[in-house]
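# Fold and geometry: a report
Spelled out, the chains give:
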Amino acid sequence: MSIHDITPSPSPSAGPALEHDALDDTTRDAGSLDEQTGHGRLRRPWSWPNPHSDRATMRAAVQHGYGEPGDVLRLERVPVPSPGPREVLVRVRATSVNTPDWIVTTGRPTIQRAKAGWRTPSSPIRGTDVAGGVAELGSEVTEYRVGDEVFGSLWADTLDTGDIGTFAEFCTVPVARLAAKPSEISFTAAAASVMSGATALVAMTETAPVGPGTRVLINGASGGVGTFAVQIANQRGAHVTGVCSGANADLVRRLGAADLIDYSETDLADVARRGPS
């Protein structure tokens, strides 16, 4: 599931300009990108908050203790982070909610608190997947320029380090965890693809490689990882059987499943015993 942009959506006439509505008095001019027409770059002038100014703040969903999201998450203003030498500051255009975000928010199972923090997580801002524009470069970053459209993940960096997650207007991301966002993909689609998409890709290409002449049964074919797995396996030439509810059968078939199993009507144990038909 993707969350599209914390800030209000610009009007259609505003085009792709990124203007921070609450930081006008703490911004610095990032320069117009009107003349920069390279692949995947924003092409309107805008300004970014200066992360080195004590007055520069941003909105973020801040977690206070463990519990249901509505009870422990509050929209607050926090300082804009500064990128490290091999990091970039990303202006968040879209992020997504994944199972780990729910686990750390609720604190269940309790054993995960040994890493995240016993009474409250050391990192108070959840979120791992991100898509947005590069707002500032770390001192050693040469791979990107301000304005580049990127997507990536902070997973493993936000549990016990205290780093700011992606449920905010800005976040810092290591260069090694970023990729250029293809221009034909929306920020929303890019942010929703990272954790689930990478999991499915590794499963279908490394853990259990599939290809022409192979058959694969994908349980949870209409879920976050499953929808990617069906498409990847199909694209690689495998014969895909998707397991889902009858309500999602059309979706899974459109994604590339040759056969469907409705788990509400068929016992998968029986299917396993019979083998492929």
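Presented here is a report on the structure given in the accompanying data block. (Residues numbered from 1 in each chain as written. Predicted model: local features only at pLDDT ≥ 70, side-chain atom pairs only at ≥ 80, totals over all residues. Heavy atoms only, no water.)

So, on to the environment of Gly 147. With respect to the helices, strands and loops of the structure, Gly 147 is situated in the loop between strand S7 (129-137) and strand S8 (149-153). Overall, the relative accessible area of 0% leaves Gly 147 in the buried class. (Helix = DSSP H or I, 4+ residues; strand = E, 2+ residues; numbered from the N terminus. Buried < 20%, exposed > 50% of the residue type's maximum accessible area, 1.4 Å probe, protein only.)

Right, let's talk about the pairing of strand S13 (residues 259-262) for a bit. Both strand S12 (residues 239-244) and S13 contribute to a ladder of four bridges, which runs parallel. Note that in S13 the partner of Gly 242 across the bridge is Leu 260. In this fold, S12 hands off to helix H6 (residues 249-255), which returns the chain to S13; that crossover is right-handed. (Pairing = 2+ DSSP bridges. Right-handed = clockwise from strand over helix to strand, strands pointing away.)

With that settled, consider the sheet that holds S13. Within a sheet, each strand pairs with its neighbour through backbone hydrogen bonds, oriented either parallel or antiparallel. Ordered in space as S11-S12-S13, the three strands form an open sheet in which the pairing is parallel. Pairing within the sheet leaves two strands with one partner each, and these edge strands are strand S11 (215-219) and S13. Averaged over all adjacent pairs, the angle separating strand axes in this sheet is 20°, with direction ignored. Bridging between S11 and S12 involves five bridges; their strand directions are parallel. Bridge pairing in S12 places Arg 215 opposite His 239. Against the sheet, helix H5 (residues 224-235) touches S11 and S12, its axis set at about 170° to S11. (Axes fitted to C-alpha atoms, helices over the stretch in contact; angles between N-to-C directions. Contact = heavy atoms within 4.5 Å.)

Let us now look at helix H2 (residues 99-106). If you check which residues of H2 are buried, you get Pro 100, Asp 101, Val 104, Thr 105 and Thr 106. Turning to H2, the residues buried within the fold contact strand S4 (57-63), helix H1 (69-72), strand S5 (73-79), strand S6 (87-96), helix H3 (113-116) and helix H4 (187-207). Following H2 by one or two positions, Gly 107 adopts a phi angle in the positive range, close to 75°.

Next up on the list: the side chain of Glu 169. Mapped onto the fold, Glu 169 is located in the loop between S8 and strand S9 (170-174). The buried category is assigned to Glu 169, whose relative accessible area is 1%. At 2.6 Å, the side chain of Glu 169 and the backbone nitrogen of Arg 59 are in polar contact. (Polar contact = N/O pair within 3.5 Å; in protein donor to acceptor, adjacent residues only side chain to side chain.)

On to the environment of Ala 180. Mapped onto the elements, Ala 180 comes out in strand S10 (residues 178-180). Of the residues examined, Ala 180 reaches a relative accessible area of 48% and is grouped as partly exposed. A sequence separation of 36 residues divides Ala 180 from Tyr 144, and the C-alpha atoms of the two residues are 8.7 Å apart. Those residues within four positions of Ala 180 in sequence are excluded, and the remaining contacts are Tyr 144, Glu 149, Val 150 and Phe 151.

Now for the nonpolar core. Core analysis: the biggest nonpolar cluster contains 16 residues, and Met 204, Val 216, Ile 218, Val 230, Ala 233 and Val 240 have the highest contact counts within it. For this core, the secondary structure elements donating two or more residues are H4, S11, H5, S12 and H6. Looking at which element gives the most residues to this core, the answer is H5, with four residues. (Core = buried A, V, L, I, M, F, W, Y, C linked by side-chain atoms within 4.5 Å.)

Attention shifts here to H5. In this model H5 runs 18 Å from its N-terminal to its C-terminal C-alpha over twelve residues, within 8% of the 16 Å that 1.5 Å per residue would give. Those residues of H5 lying buried are Gly 226, Thr 227, Ala 229, Val 230, Ile 232 and Ala 233. Those residues of H5 hidden inside the fold are in contact with H4, S11, S12 and H6. One or two steps after H5, the chain reaches Gly 237, where phi turns positive at roughly 95°. (Expected span 1.5 Å × (residues − 1).)

If you walk through the whole model with that rule in mind, you get four salt bridges. Between Arg 86 and Glu 143 there is a salt bridge, with the nearest N and O atoms lying 2.6 Å from each other. Placement of Arg 86 in the loop between S5 and S6 and of Glu 143 in the loop between S7 and S8 is noted, with a sequence separation of 57 residues between them. Glu 143 sits in the partly exposed class, given a relative accessible area of 41%. With its nearest N and O atoms 3.2 Å apart, the salt bridge here joins Lys 181 to Glu 149. Note that Lys 181 is positioned in the loop between S10 and H4 and Glu 149 in strand S8, a separation of 32 residues in sequence. What makes Lys 181 buried here is its relative accessible area of 3%. (Salt bridge = Lys/Arg side-chain N within 4 Å of Asp/Glu carboxyl O.)

Turning our attention to the packing of H4 against H5. Each pair of packed helices gets described by two things: the angle between the helix axes and the distance between those axes. Two elements in contact, H4 and H5, have axes separated by 8 Å at closest approach and are oriented at 50°. With respect to H5, the axis of H4 lies oblique. Judged by the sense of rotation from one axis to the other, the crossing of H4 with H5 is right-handed. Contacts from Ala 192, Ser 193, Ser 196, Gly 197, Thr 199, Ala 200, Leu 201 and Met 204 in H4 reach Gly 224, Val 225, Phe 228, Ala 229, Ile 232 and Ala 233 in H5. (Parallel < 35°, antiparallel > 145°, perpendicular 65-115°, else oblique. Left-handed = near helix turned anticlockwise from the far one by under 90°.)

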